[in-house]
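Here is how the chains run, residue by residue.
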Amino acid sequence: MIAWPGAVRASAAIAGIDIAANQVTVRFDKPVATASAFVLNGPDRIAVDLPGTQMGRIAATGGLIASTRHGQYDQQTARIVFELTEPAIVADAEFSPDHQALTLTLQPVSENLFARTVRKGRRLFGLNKGNDENTTQPGGITVPLDPPKPLPAPLVTGARGTKRPLVVIDAGHGGHDPGSLSADGSRREKDAALAIARAIRDELAASGRVRVALTRGDDRFLVLGERREIARRLKADLFISVHADSAPNPAARGASIYTLSEVASDRVAAQLAAKENRADILNGVDLGGENNDVSSILIDLAQRETMNISSNFATLLQREMSGTVHFKDSAHKFAGLIVLKAPDVPSVLLETGYMSNPDDLQLLFSHDYQHDIAVGVRKAVETHFARRLTGE
């Protein structure tokens, strides 16, 4: 955690993000003293921490930036995560004279240099020119910095043997991101999602037919891309992300299931081809001898097949859960959700009910309802893999 002195606790707000070909400029409504940045891989990202700053509802893409995510790392520190279209590092960072803008100059690099930069950890900006590597601000204020954390390695439980199918359950939100809140603010989506995810894990593990892992087993924050990458790194056969919905209309209630929309696949496939540099990532098929165009086509075809499998599983999941769980009309929906964009892992996002509805809220935190969801998921998972085994 970044400790920041009381003198700067009157937080600035991020007013905007401007992206050019190789530059990113973050604008503030008040002066910001310092910033720090580090890079992460799997996927390739640049994370920027801004002490004494509150995050606004800002998003921007373009140039080397494929997508922008943000949140409060702690009460006094905003964090922006830029997902990259290709490996790149922060070659230079400079505050404007009034410290109300920070411009990052990005430089595309090789995968090897990017990996070395990951290992170097965090750089601090906003100090005297040429002194960015120090962790002491002029005037003697010490700024302790935490190193970037690697992706967690989840515990895999359930059936013995690596040949059993692996299901990764993702509890939405967590840490500083509470998700949706109940009307009185006393209940948080992240807590319901974790409890339901644990119930699903326990039910699947008890079946003895699959292996199962959680992206998070406690109250921690994970960037959306990290969640799907955990599943891909574990070579999961199925990914289920658990959430709870919210709506301005308190009468809205019921579960729903999302799968990836068709329109989102092309750009994702192209970015993935560039990121992996034509290396093998799909079912053991080496793409190294192909050019970028062929790699993009192969990845796109794989993702289309994955989307079909995901859609079929969503239909099956609704069927198996409907006996005990109330679904909305037209419960199967399609969206370009980042967490579902793994091209080689069938993925669904399960909205288990509405935090904004009093009846659903009571169910979401009920052990019986959590168990009903888990049983429905277990039945769907068993049928899904039985069909895959027989080629149906």
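Described in the following lines is the structure provided in the data block. This structure is a prediction, so every number in the text was calculated from the model and none was measured.

Points about the overall build of the protein
A count of helices and strands for the protein gives 7 helices and 19 strands. Taken over 392 residues, the protein has a buried fraction of 52%. Within the protein, contacts between residues separated by at least 24 positions form 72% of all contacts whose residues are at least 6 apart in sequence. Working note: accessible area of the protein is about 17,800 Å², and carbon and sulfur atoms make up 49% of it.

Some points on the pattern of salt bridges
Counting across every chain of the model gives 17 salt bridges. Note that Arg209 is salt-bridged to Glu382, the shortest N-O span being 3.9 Å. Linking Arg209 in the loop between helix H2 (189-207) and strand E15 (211-214) with Glu382 in helix H7 (residues 367-390), this pair joins segments that are 173 residues apart in sequence. Note that Arg232 is salt-bridged to Asp344, the shortest N-O span being 3.0 Å. Of this pair, Arg232 sits in helix H3 (residues 224-233) while Asp344 sits in the loop between strand E18 (327-335) and strand E19 (347-354); the two residues are 112 residues apart in sequence, bridging distant segments of the chain. Exposure remark for Arg232: the relative accessible area of 13% places this residue in the buried category.

Points about the side chain of Arg45
Among the secondary structure elements, Arg45 is positioned in strand E4 (residues 45-51). When its relative accessible area of 2% is taken as the criterion, Arg45 is described as buried. Within the structure, Arg45 has its side chain in polar contact with the backbone oxygen of Pro43 (distance 2.8 Å). Among residues more than four places away in sequence, those in contact with Arg45 are Phe38, Val39, Leu40, Val81, Phe82, Glu83, Leu84, Phe114 and Glu226.

Concerning the packing of aromatic side chains
Enumeration over the complete set of coordinates arrives at 0 aromatic pairs. Directly above the aromatic system of Phe365 lies the positively charged group of Arg187, at a separation of 4.3 Å from the ring centroid.

Here's the deal with H7
Between its first and last C-alpha atoms H7 spans 35 Å; for 24 residues at 1.5 Å apiece the expected length is 34 Å, and the two agree. Along H7, the residues classified as buried are Tyr369, Gln370, Ile373, Ala374, Val375, Gly376, Val377, Arg378, Ala380, Val381, His384 and Phe385. Looking at where H7 begins, the residue whose side-chain oxygen comes 3.3 Å from the main-chain nitrogen of Asp368 is Ser366.

Regarding the sheet that holds strand E1 (residues 12-19)
The 5 strands are arranged E5-E1-E2-E9-E8 in an open sheet whose pairing can be described as mixed. Because the sheet does not close on itself, it has two edges, and the strands there are strand E5 (53-54) and strand E8 (88-95). Where strand E2 (residues 23-28) meets strand E9 (residues 101-108), 5 bridges bridge the pair, whose relative direction is antiparallel. The residue of E9 that forms the bridge with Gln23 is Thr105.

Description of the sheet that holds strand E13 (residues 157-158)
The mixed open sheet is built from 7 strands, whose spatial order is E13-E15-E14-E16-E19-E17-E18. Of all the strands in the sheet, just E13 and E18 have a single pairing partner and so form its edges. In terms of strand pairing, strand E14 (residues 166-171) meets E15 through 4 bridges, oriented parallel. Residue pairing for E15: Val168 is matched across the bridge by Ala213. Each of E13, E14, E15, strand E16 (238-245) and E19 is contacted by H2, which is oriented at about 160 degrees to E14, the strand it contacts most.

Brief notes about the environment of Arg123
When you line up the elements, Arg123 lands in strand E10 (residues 123-125). Overall, the relative accessible area of 27% leaves Arg123 in the partly exposed class. Taking the C-alpha atoms as reference points, Arg123 and Ser36, 87 residues apart in sequence, are found 5.3 Å from one another. From its side chain, Arg123 meets the backbone oxygen of Val90 in a polar contact 3.1 Å long.

What counts, and where the lines are drawn
By convention here, each chain's residues receive numbers from 1 onward along its written sequence. Only residues with pLDDT of 70 or above have their local features reported here, since the model is predicted, and side-chain atom pairs are shown and tallied only from 80 upward, although totals for entire chains, interfaces and linings are computed over all residues. Processing note: side-chain calculations cover all non-hydrogen atoms of the structure and skip hydrogens and water entirely. Where helices and strands are cited, they refer to DSSP runs of H or I of at least four residues and of E of at least two residues respectively, numbered from the N terminus. Each residue gets one of three labels from its accessible area relative to the maximum for its type: buried under 20%, exposed over 50%, partly exposed in between, using a 1.4 Å probe on protein chains only. The contact criterion used is simple: two residues touch if any of their non-hydrogen atoms lie within 4.5 Å. Calculation of accessible area relied on Shrake-Rupley with a 1.4 Å probe; when residues are assessed, cover is drawn exclusively from the protein chains displayed. For this analysis, a salt bridge means a side-chain nitrogen from Lys or Arg found within 4 Å of a carboxyl oxygen belonging to Asp or Glu. Under this definition, polar contacts are N or O atom pairs within 3.5 Å; protein pairs additionally need one hydrogen-donor-capable and one acceptor-capable atom, and for neighbouring residues in sequence, both atoms have to be side-chain atoms. Stacked, edge-to-face and tilted are the three classes for Phe, Tyr and Trp ring pairs, Trp counted by its six-membered ring, which pair at centre distances within 6.5 Å; planes under 30 degrees apart are stacked, over 60 edge-to-face, the rest tilted. We call a charge positioned above a ring when the Lys NZ or Arg CZ atom is no farther than 6 Å from the ring centre and deviates by at most 35 degrees from the ring normal. Multiplying 1.5 Å by the residue count of a helix minus one yields the expected span of that helix. Any two strands with at least two DSSP-identified bridges between them are counted as paired. Axis lines are fitted through C-alpha atoms, for helices just across the contact stretch, and the angle between N-to-C directions can take any value from 0 to 180 degrees.

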